[in-house]
Amino acid sequence: MKRFGVVFLLFTFLSICNASYAFVDKEFVNNQSVIESQNRIDRIGFNILNSNGIEKRTVFDFDVSKTKNAYSRHSDRQIVMYRGLYNRLSSDDEVAAILAHEISHSVDSYNGVLRGYFSIWGYAFSPKKYEYKADKRGVDFMVNAGYNPVAMIVVMSKAFPQKRYDWYSTHPITSRRMMEIYEYIYKKYPEYLVNNKYKDNPFYQNFLLTSKENRAKFQKKIESGSKNSVHYL
Ligand SMILES: [Zn+2]
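Residues numbered from 1 in each chain as written. Predicted model: local features only at pLDDT ≥ 70, side-chain atom pairs only at ≥ 80, totals over all residues.

A.B. asks: Please provide a residue-by-residue account of the overall build of the chain, values included.
C.D. replies: A count of helices and strands for the chain gives nine helices and four strands. What you see in the chain, going N to C, is helices and strands ordered as α-β-β-β-α-α-β-α-α-α-α-α-α. Taken over 233 residues, the chain has a buried fraction of 31%. Once local pairs closer than 6 in sequence are excluded, the contacts in the chain between residues at least 24 apart make up 65%. (Helix = DSSP H or I, 4+ residues; strand = E, 2+ residues; numbered from the N terminus. Buried ≥ 20, exposed ≤ 12 C-beta atoms within 10 Å, placed from the backbone. Contact = placed C-beta atoms within 7 Å.)

A.B. asks: Help me get a handle on helix α6 (residues 174–188), residues and values and all.
C.D. replies: The end-to-end C-alpha separation of α6 is 21 Å, in line with the 21 Å expected for 15 residues at 1.5 Å each. The set of residues buried in α6 consists of Thr174, Arg177, Met178, Met179, Ile181, Tyr182 and Ile185. Against α4 (128–144), α5 (150–159), α7 (191–194), α8 (202–210) and α9 (212–224) lie the buried residues of α6. (Expected span 1.5 Å × (residues − 1).)

A.B. asks: Help me get a handle on the nonpolar core, residues and values and all.
C.D. replies: In this structure, Met81, Ala96, Ile98, Leu99 and Ile153 are the most contacted members of the largest nonpolar core, which totals 46 residues. Sorting elements by how many residues they give to this core places helix α3 (residues 92–110) first, with eight residues. Residues within four places of Ile98 in sequence aside, it is in contact with Ala70, Met81, Leu85, Leu89, Ile120 and Val155. (Core = buried A, V, L, I, M, F, W, Y, C linked by C-beta atoms within 7 Å.)

Set out below in structure tokens:
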């Protein structure tokens, strides 16, 4: 009986040790992934700042909360990326798309154009015209830093919901935003559409499908102003 008690105690002790090892391992792995995510955001964010010669200081913070958003804070010029949104991003181009948009808000904040808190998703208080501007300047920032700007359309197509009404929202409706980005790339950086590395991407294909009518109108407008007719994907 006594021996049984000792064996039982030993067994319990070993189980506790095992459980705590498992716990430490899991925590370590989680920390590793947080560190890796922060490093990746820093690397891409600073690459965008440096490649575009942005002389104002901005830092980046990876926040482990599940919120699907990223935002730029006027009070300390910090750009925060939440894990909920980060986990939806599948390439450096896509991470760059989110950061480039927020960096654009941050630059405006330094120039005194904006105050407050500006997000990519749409819960913040920013007039629509600043959102279109942040998207387009974000495209410029991406190209200058060597990222493919079509990824901005891909991210929105994949992860940004389509609100039912536009009028009450602080951010423009997603389909309108993607179309404006598409037109901007078409006019300024057509090479990314001629040789479109995202043409087989399902999220980009869904953009092509859902923007068919708007793209046809845009194409007509372009053709009426030029003799060469080109159809980019
Ligand atoms: Zn924004």
